Amino acid sequence: MGRTQGCIQRNRKRVLAILSLFLVIVVSSAGALRVEAGSSQAAMYASIFDAKFYAQKYPDLAAAFGNNENALLAHFLTNGMVEGRQGCAEFNVQYYMAKYPDLRAAYGDQLPFYYMHYMSAGKIEGRQGNGTVNDIGTAAAPQPTVVQQPATPTGSDSVIDQVIAICNQERAKAGLGALTKTDVLCAVAQARSNELVRSFSHNRPDGRSCFTIYDEFGVAYGYAGENIAAGQHSAQEVANAWLSSPGHRRNIMNGNYHKIGVGLVVQQGSLYEYYWTEMFTD
């Protein structure tokens, strides 16, 4: 059966991040995190969240919410923690998870619990919330099996082209122009899918925003977006999952976007095996 937590639908073979806005995470009697409405909670989360830092680190959130601290906090509580985003300089969930094996044994890949642990107990215990990879002893990540796509389009039969075609069909129904596949965005998406094997998050494995990868490939943009998914075994399945998710659908149907790249990595024996990325620019 599928499982939902906050705003990710997830089980061993299905993962999809979606957007919504609420406030205040509490722990239910069943041990799962739930979200309730609330306000003026910034002080409560000061050890893991700073609105100014969050907006500066993630251009997509600054574009969406500006300097609205309540909206930024709402995103962090309902989406950012699940996605592994860094809410302040003091705490990085990827570091914290790797630094303390006892927490990893207790919480597994349930990222929000690491934030809540640091806020409620870890800081008091003197645990380190952030640092460098040099002081963490971690095993090397397995090398993924990459589904390579040719540098030039191969027609509608390729998996990548199938995903793009399905998305463009949906855009056409809304009177939007087709997204154009570009080699460089496919390369960006492929690189991000490789990273998803190590860390399924809109943050990169080293904690940086996913948008930093555009600079590494020399991609200039005014508008940019990312969709990620894991566990879907076909183009139709992943496209349907994205189109059924309000946040991901907004990316696909965004009239500011005109270019697209899609990446897929298959890592047999990993948690989700199939790792998909869509990258958009204007």
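Quick caveat, the model's predicted, so the values are computed rather than measured.

Rules used in this analysis
Residues numbered from 1 in each chain as written. Predicted model: local features only at pLDDT ≥ 70, side-chain atom pairs only at ≥ 80, totals over all residues. Heavy atoms only, no water. Phe/Tyr/Trp six-rings, centres within 6.5 Å; stacked < 30°, edge-to-face > 60°. Lys NZ or Arg CZ within 6 Å of the ring centre and 35° of its normal. Axes fitted to C-alpha atoms, helices over the stretch in contact; angles between N-to-C directions. Helix = DSSP H or I, 4+ residues; strand = E, 2+ residues; numbered from the N terminus. Parallel < 35°, antiparallel > 145°, perpendicular 65-115°, else oblique. Contact = heavy atoms within 4.5 Å. Nonpolar A, V, L, I, M, F, W, Y, C, P; charged D, E, K, R; others polar. Buried < 20%, exposed > 50% of the residue type's maximum accessible area, 1.4 Å probe, protein only. Salt bridge = Lys/Arg side-chain N within 4 Å of Asp/Glu carboxyl O. Core = buried A, V, L, I, M, F, W, Y, C linked by side-chain atoms within 4.5 Å.

### As for the packing of aromatic side chains
For the coordinates displayed, the defined rule picks out 15 aromatic pairs. Feature note: the residues F49, Y54, Y58, F76, F91, Y96, Y100, Y115 and Y118 constitute an aromatic cluster, connected by ring pairs. For R85, the ring lying beneath its charged end belongs to Y58, and the centroid distance is 4.8 Å. The aromatic ring of Y100 is capped on one face by R127, whose charged end is 4.9 Å from the ring centroid.

### Some points on the packing of helix α3 (residues 69-83) against helix α6 (residues 111-122)
At their nearest, the axes of α3 and α6 sit 7 Å apart, and the two run at 110° to each other. Compared by their axis directions, α3 and α6 come out roughly perpendicular. For the pair formed by α3 and α6, the contact residues are F76, G80, M81, V82 and E83 on the first element and L111, P112, Y115 and M116 on the second. Each residue belonging to the contact of α3 with α6 can be placed in one class, and the counts come to seven nonpolar, one polar and one charged.

### Details of unusual backbone geometry
Unlike most non-glycine residues, E273 shows phi in positive territory, near 70°. By the element assignment, E273 lies in the loop between β9 (259-266) and β10 (274-281). For E273, a relative accessible area of 17% gives the class buried.

### Describing the pattern of salt bridges
In the structure shown here, the tally under the stated rule is 14 salt bridges. The partner of E216 in a salt bridge is R208, and the shortest N-O contact between them spans 3.0 Å. Given a relative accessible area of 44%, E216 falls into the partly exposed group. Residue R208 is classed as partly exposed on the basis of its relative accessible area, which comes to 33%. Connected through shared salt-bridge partners, R192, E195, R204, D206, R208, E216 and E226 make up one network.

### Some words on the nonpolar core
Among the nonpolar cores identified, the biggest contains 25 residues, and I48, F49, F76 and F91 are the most heavily contacted of them. Listing elements by their share of this core, those giving two or more residues are α1 (51-57), α3, α4 (93-99) and α6. Filtering out sequence-adjacent residues up to four positions away, I48 remains in contact with F76, M81, G87, C88, F91, Y115, Y118 and M119. Ranked by size, the runner-up nonpolar core spans 23 residues in total, among them A229, V238, Y257 and Y274.

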